[in-house]
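Here are the chains, one letter per residue:
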Amino acid sequence: MQKNKKCLLLASCYKLKSYKKQVISEEVTTNLKLMKKLAMFLFVSTFALAVHAQEKVAKIDFKEDTIDYGEIAQGSDGQRVFEFTNTGNAPLVISNVSSSCGCTVPKWTSDPVKPGEKGTIEVKYDTKRVGPIRKTVTVSSNAETPTVALKIKGKVLGGNSK
């Protein structure tokens, strides 16, 4: 009978060890699943934040990208204004405005233009020069399209032209 008790005890111990292994295995599996879900959540959250951060961008939208002086008299007022709006959702900063020659002098809004607000770029053409006007004014900014080419055109008539 003592032998039977030992056998029963050993069998019970074996079943208990087997049961413990099964429970531990299930806990490990459950913990691994939770860790995978947590890792996936962190990955998706990080990706969503990165995408959201990239959505903040300035956009420059000009009322017109070409100004036509038409035919103007020599020595007349050569100043014109390009108007733009920041249609983005971040402040727009114009870093530089340059012209294709020294006969056109640009001035621009130096303060950041908030989303939805308007700004201007003034260009002054030297109308003492007679002949056709075909110039490019290049705008550099932090906008989604960082470089924009604006054009001025027309013709300066000499003193005796009509």
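What counts, and at which threshold
Residues numbered from 1 in each chain as written. Predicted model: local features only at pLDDT ≥ 70, side-chain atom pairs only at ≥ 80, totals over all residues. Heavy atoms only, no water. Helix = DSSP H or I, 4+ residues; strand = E, 2+ residues; numbered from the N terminus. Buried < 20%, exposed > 50% of the residue type's maximum accessible area, 1.4 Å probe, protein only. Areas by Shrake-Rupley, 256 points an atom, 1.4 Å probe, with all protein chains shown as cover. Pairing = 2+ DSSP bridges. Axes fitted to C-alpha atoms, helices over the stretch in contact; angles between N-to-C directions. Phe/Tyr/Trp six-rings, centres within 6.5 Å; stacked < 30°, edge-to-face > 60°. Contact = heavy atoms within 4.5 Å. Core = buried A, V, L, I, M, F, W, Y, C linked by side-chain atoms within 4.5 Å. Disulfide = S-S within 2.5 Å.

*Asks:* What is the right way to read the overall build of the protein from this model?
*Replies:* A tally of helices and strands in the protein yields 1 helix and 8 strands. Helices (α) and strands (β) of the protein occur, in sequence order from the N terminus, as α-β-β-β-β-β-β-β-β. Taking all 162 residues of the protein together, the buried fraction comes to 24%. Element-wise, carbon and sulfur atoms account for 57% of the exposed surface of the protein, whose accessible area totals about 11,800 Å².

*Asks:* Can you walk me through the sheet that holds strand β6 (residues 118–125) in this structure?
*Replies:* Adjacent strands of a sheet form backbone hydrogen bonds with each other and so pair up, either parallel or antiparallel. Overall, antiparallel pairing links the 4 strands, which are arranged β1-β3-β6-β5 in an open sheet. Strands at the two margins of the open sheet, each flanked by one partner only, are β1 (60–62) and β5 (104–108). Along the sheet, successive strands turn relative to each other by an average axial angle of 30°, direction set aside.

*Asks:* Could you clarify how one ought to interpret the sheet that holds strand β7 (residues 131–141) in this entry?
*Replies:* Strand order in the open sheet formed by 4 strands is β2-β8-β7-β4, with mixed pairing between adjacent strands. Sheet topology places β2 (66–73) and β4 (94–99) at the edges, where each strand pairs with a single neighbour. The average undirected angle you get between the axes of adjacent strands in this sheet is 15°. By the bridge criterion, 5 bridges tie β4 to β7 in an arrangement that is antiparallel. Bridge pairing links isoleucine 94 to serine 141 in β7.

*Asks:* What exactly am I supposed to notice about the packing of aromatic side chains here?
*Replies:* Per the stated rule, a full pass over the model turns up 2 aromatic pairs. Judged by centre distance (6.3 Å) and plane angle (65°), the rings of tyrosine 69 and tyrosine 125 are edge-to-face. Of the two residues, tyrosine 69 sits in strand β2 while tyrosine 125 sits in strand β6, which places them 56 residues apart along the sequence. Like tyrosine 125, tyrosine 69 is buried.

*Asks:* Explain the side chain of lysine 135 here, please?
*Replies:* On the secondary structure map, lysine 135 appears in strand β7. For lysine 135, the contacting residues outside a window of four places in its chain are Ser100, Cys101, Cys103, Thr104, Tyr125, Leu150, Lys151 and Ile152.

*Asks:* Looking at this structure, how should I read the nonpolar core?
*Replies:* Nonpolar side chains tend toward joint burial in soluble globular proteins. One finds Ile60, Phe62, Ile121 and Val139 to be the most contacted residues of the largest nonpolar core, which totals 24 residues. Where this core is concerned, the elements lending two or more residues are β1, β2, β3 (79–86), β4, β6, β7 and β8 (147–157). Considering each element in turn, this core owes the most residues, 4 residues, to β8. Excluding its chain neighbours within four sequence positions, the residues that come into contact with isoleucine 121 are Phe62, Arg80, Val81, Phe82, Phe84, Ile94, Val97, Lys107, Trp108, Val139 and Leu150.

*Asks:* Teacher, can you tell me more about the state of the cysteines here?
*Replies:* Tallied over the full model, the rule gives 1 disulfide. Between cysteine 101 and cysteine 103 runs a disulfide, and the two sulfur atoms are separated by 2.2 Å. Between cysteine 101 and cysteine 103, the disulfide has an S-S torsion of -50° and is therefore left-handed.

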